[in-house]
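For reference, the chains in residue letters:
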Amino acid sequence: MDLKQDCFLVPGPVRMSESCLQALSSPVMTARGTEFRDVMAHLNSGLRYAFNLSPSQPVRGTQSWSGDDDYKVVVVSGSGTAAMEMVIANRFRSNDLVLVPTNGKFGERVAEMCKRFCNVKHIKYEWGRAFDLYELEQQLGRGCYESLLICHNETSTGITQDAAAIAEMCQRHKTSFILDGITSVGGLPVHPQEWNAEAVVMGAQKCTAGPSGIAAIAINSRFIERVHAIREQGDSNPNYYFDMVSALKKGDDDQTPWTPAINLAMGWAASLDNLKSESNEGRWNRCEKLAHGVQNLFLDLGFELLADQQQRSNTVTAILYPDGIDDSWRNRLKEDYNTQVIGAQDHLKGKMFRIGSMGETPIEEMVEGCKRMVHCFKSFGLELPELDVGSYFV
Ligand SMILES: Cc1ncc(COP(=O)(O)O)c(C=O)c1O
């Protein structure tokens, strides 16, 4: 086994390409000059593609953040959580009531965040179990919710929510629909317009293989109207740095209200070029191939997957450790096999591991990584069937 090349199979941050790293190391430029506005136009246009929205020109002064549809994209200096907070803080008044169903850590974080800014009905499903759509329908039927928010792809448990079905219910009940798409946008089919989503959030370091510390939001005109109306009524939640009204003022001119994350923006624009070259469909398909390979392989090896079968994610797979194995396996995998996956969170810590299949990960790296994982499990004395790992990824 040749272990020179590392296998980095973490569900974000993911490995960045050479072109992204080069762009990150570009010489400094001013925050308000034409050069940076060119960068923003390039980034905005790439983001519209990643969000699966209509195209815009990557050219300064052409309204690069908007297109022929009802959406604008807003770049946020900060990680995905910052962008999610910006959405929630600006969209709701303190006496609004929102519905947040969850089945993992990041959905629970959405609910916690909402509690800082409004009232929340938090429906907690067991980690990895699909939402009960009948229950959600009943809740929406009460007619009391301003919005339903979900973590679309639950990275902590490897489950993808049935966003199309939830979107349809929200439309029928005239309730706004907001998604944390941090590990779905760019890696899984996301359709903001078809789903009539008011806001979708993405983080650079996940499916688009950009740098950590920068994120983006796609918002529709209804979202923008609500934000302005709440501001005019003097009913806004307190916040300054993440003020959407300020961001909206600057966006027309390919700018941000405060000093932008200049080099991160350059790096992200370069990785979004890679996404465009591969195409959304190409990347969704590759992620699916990677994830299905991992899932089928580990099932055949006799492992148990955490997420409900019908809704297993194509960007992250959560695999339970067999009896007698814990995170010391992951440490050995890193130290002796030059391969990284990630552990579990909260009550599942030490009980499972998660394999990322997002970003630009080539099939060969996943095959090699899985071979090393199998080898490492065997080094713990586990008896596993002899399987042709490569054949799971063709
Ligand atoms: C689905 C999801 N939401 C939110 C977050 C938090 O994003 P960030 O760490 O970029 O703030 C993560 C991070 O892993 C995530 O996977």
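Details of the structure are given in the entry above.
Residues numbered from 1 in each chain as written. Predicted model: local features only at pLDDT ≥ 70, side-chain atom pairs only at ≥ 80, totals over all residues. Heavy atoms only, no water.

Enquirer: Which residues make up the site of the ligand, and what values go with them?
Expert: The immediate surroundings of the ligand are formed by 13 residues, with Ser79, Thr81, Thr155, Asp180 and Lys206 found nearest. With respect to the ligand, the side chain of Thr155 contributes an N or O atom lying 2.5 Å from an oxygen atom. Asp180 places a polar side-chain atom, nitrogen or oxygen, 2.7 Å from a nitrogen atom of the ligand. Taken by itself the ligand offers 390 Å² of open surface, and the protein chains cover 87% of this. The set of elements that each furnish at least two residues to the shell around the ligand consists of α3 (80-91) and α4 (105-117). Considered class by class, the residues forming the shell around the ligand number three nonpolar, seven polar and three charged. (Near = heavy atom within 4 Å. Polar contact = N/O pair within 3.5 Å; in protein donor to acceptor, adjacent residues only side chain to side chain. Areas by Shrake-Rupley, 256 points an atom, 1.4 Å probe, with all protein chains shown as cover. Helix = DSSP H or I, 4+ residues; strand = E, 2+ residues; numbered from the N terminus. Nonpolar A, V, L, I, M, F, W, Y, C, P; charged D, E, K, R; others polar.)

Enquirer: Account for the environment of Val100, naming residues and giving values.
Expert: Mapped onto the elements of the fold, Val100 is located in strand β3 (residues 97-102). The spacing of Val100 and Val120 is 20 residues in sequence and 7.0 Å in space, taken between C-alpha atoms. Among residues more than four places away in sequence, those in contact with Val100 are Gly107, Val110, Ala111, Cys114, Val120, Lys121, His122, Ile123 and Leu149. (Contact = heavy atoms within 4.5 Å.)

Enquirer: Would you mind going over the sheet that holds strand β11 (residues 304-305) in detail, with residue names and values included?
Expert: The antiparallel open sheet is built from three strands, whose spatial order is β11-β12-β14. Bordering the open sheet on either side are β11 and β14 (352-356), each of which pairs with just one other strand. Looking at chain direction, β11 and strand β12 (residues 316-320) are connected through two bridges and run antiparallel. Opposite Glu304, over in β12, you have Leu320 as the bridge partner. (Pairing = 2+ DSSP bridges.)

In short, geometric facts, not functional conclusions.
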